[in-house]
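Okay, here's what each chain looks like letter by letter:
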Amino acid sequence: MIYLDNAATSFPKPEGVYAALDQFARHSLANPGRAGHKMALAAEHTLDDARHRLNRFFNGRSPDRWVFTLNGTDALNMAFKGVLNDGDHVVTTDLEHNSVSRPLVALAEAGRITLTRVAADAGGTVSAGAIEAAMTPQTRLVAVTHASNVLGTVQPVAEMGKLVRARDALFLVDAAQTAGVIPIDVQAACTDLLAFPGHKSLLGPTGTGALYVGPRAQLRPWREGGTGGDSSTPTQPKEFPYYLEGGTPNVLGVAGLVAGLDFVEERGLDSVRRHEVELCDQLRDALAATPGFEVFGHANPTHRVGTVAFRCEAMPATDLGAILDQSFDIAVRPGLHCAPYVHKSLGSYPDGLVRVSTGPFNTAADIDRLVEALREVTGGI
Ligand SMILES: Cc1ncc(COP(=O)(O)O)c(C=O)c1O
């Protein structure tokens, strides 16, 4: 199988991740608890160590502000449902994944918040000025994806963050498509809430993710329960990160996530991104030279991560995706990619596009094979 669906989840994982999962599962898979036995303490230590690593990697204020979640969606819901109050106004964009837009639209439909969605330009970028123009005195939160999961276009979040901070609102960045490929400095980018999964470019297993909660953001816990520590209080202990982390955390997954982070740090973010974007450019060039294909997204590779979305005139995206899978053993992602608004603005709704997303283990030969397959299917030359 040639796997080109890394924007959904990365595959394969680095060898170090498989080894860490195996080692941890065999020897350390106790329920993390600060007041418990040796194995429980060792498991808790794994979580602590991971929080320190994330805090350094993303330049957070302190390790206890990194809350482990089940995935990106869990982190985003924790943020929205924890931070928003009745009557708040929220600004977001057309580029968002359903994990941002659905909870916000649900809150708006329930009459709890008002919502403004800012359009992207033709290349797939939302300007900081457009975000600022959409803000009102009631705006409590601006929630923006760092890179579109359809087009791969990177948004000017540092510029946006400064404008949002100046207007005294909170700034949430969905880093699902950038954590592990683009340097993120939450303090420099005035980011109050950073949500990301661990299973994409951070190369950890599924079931991992985190939410960074900066000191300006006051959250109610979205999930309450046991914390492995103080059991005496009738409600959730106020101490971070346990305040937001009710229930047994996925400590096995976090052990794998740390090994993924080791790989990313060793290889270097620039090198990972360059490799992934170069493979996408190889595909973009080949499709530009093949009749019957239309490629979307920013022309300049420095504005993109490793994702290409295209339309094939000869057949709907879902048919092409199925043929690539069944006849050529190539995994891509056809359809709407959980991001209907961006497809509406591109004119690709409801059929969607084919998305190819590269990872650190893809090669130029994988792209050659994909291009051959596309030409064979469509009869292009
Ligand atoms: C931009 C974006 N945000 C959020 C998510 C949700 O992440 P998860 O699938 O880990 O819940 C995704 C997943 O594809 C994504 O691409």
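Since we're looking at a predicted model, the values are computed, not measured.

> Hey, could you go over the packing of aromatic side chains for me, with residue numbers and the actual values?
Within this structure, the stated rule accounts for nine aromatic pairs. Relative to Phe361, the ring of Phe263 has its centre 5.4 Å away and its plane inclined at 50°; by these criteria the two rings are tilted. With Phe263 in helix 7 (residues 251-267) and Phe361 in the loop between strand 13 (353-357) and helix 11 (364-378), this residue pair connects regions lying 98 residues apart in the sequence. The exposure class of Phe263 is buried, given its relative accessible area of 17%. For Phe361, a relative accessible area of 32% gives the class partly exposed. Relative to Phe310, the ring of Phe293 has its centre 5.7 Å away and its plane inclined at 70°; by these criteria the two rings are edge-to-face.

> For the pattern of salt bridges, give the residues involved together with the corresponding values.
Applying the stated rule across the entire model yields 15 salt bridges. Across the pair Asp88 and Arg140 runs a salt bridge, and its minimum N-O distance is 3.4 Å. Of this pair, Asp88 sits in the loop between helix 3 (72-83) and strand 3 (89-93) while Arg140 is found in strand 5 (residues 139-145), placing the two residues 52 residues apart along the sequence. Arg369 is the partner of Glu372 in a salt bridge, and the nearest nitrogen-oxygen pair spans 3.1 Å. A residue pair is termed a helical-turn pair when its members lie 3 or 4 positions apart in one helix, as Glu372 and Arg369 do in helix 11 at three residues.

> A description of the site of the ligand should follow, citing residues and the corresponding values.
As a matter of local geometry, the ligand sits amid 14 residues, with Thr73, Asp174, Gln177, His199 and Lys200 nearest to it. Between the ligand and the protein, one listed contact pairs an oxygen atom with a side-chain N or O atom of Thr73 at 2.5 Å. Gln177 places a side-chain nitrogen or oxygen 2.7 Å from an oxygen atom of the ligand. Taken together, the residues of the shell around the ligand break down into three nonpolar, nine polar and two charged.

> Talk me through the sheet that holds strand 10 (residues 307-312); I want residue IDs and the actual numbers.
What the four strands build is an open sheet, ordered 9-10-13-12; its pairing is antiparallel. The open sheet is flanked by strand 9 (293-296) and strand 12 (333-335), the only strands paired with a single partner. Neighbour-to-neighbour, the strand axes of the sheet open up by a mean angle of 30°, direction not taken into account. When strand 10 meets strand 13, the two strands line up antiparallel, connected through four bridges. Bridge pairing links Thr307 to Ser357 in strand 13.

Reading the values: rules and limits
- Residues numbered from 1 in each chain as written.
- Predicted model: local features only at pLDDT ≥ 70, side-chain atom pairs only at ≥ 80, totals over all residues.
- Heavy atoms only, no water.
- Phe/Tyr/Trp six-rings, centres within 6.5 Å; stacked < 30°, edge-to-face > 60°.
- Helix = DSSP H or I, 4+ residues; strand = E, 2+ residues; numbered from the N terminus.
- Buried < 20%, exposed > 50% of the residue type's maximum accessible area, 1.4 Å probe, protein only.
- Salt bridge = Lys/Arg side-chain N within 4 Å of Asp/Glu carboxyl O.
- Near = heavy atom within 4 Å.
- Polar contact = N/O pair within 3.5 Å; in protein donor to acceptor, adjacent residues only side chain to side chain.
- Nonpolar A, V, L, I, M, F, W, Y, C, P; charged D, E, K, R; others polar.
- Pairing = 2+ DSSP bridges.
- Axes fitted to C-alpha atoms, helices over the stretch in contact; angles between N-to-C directions.

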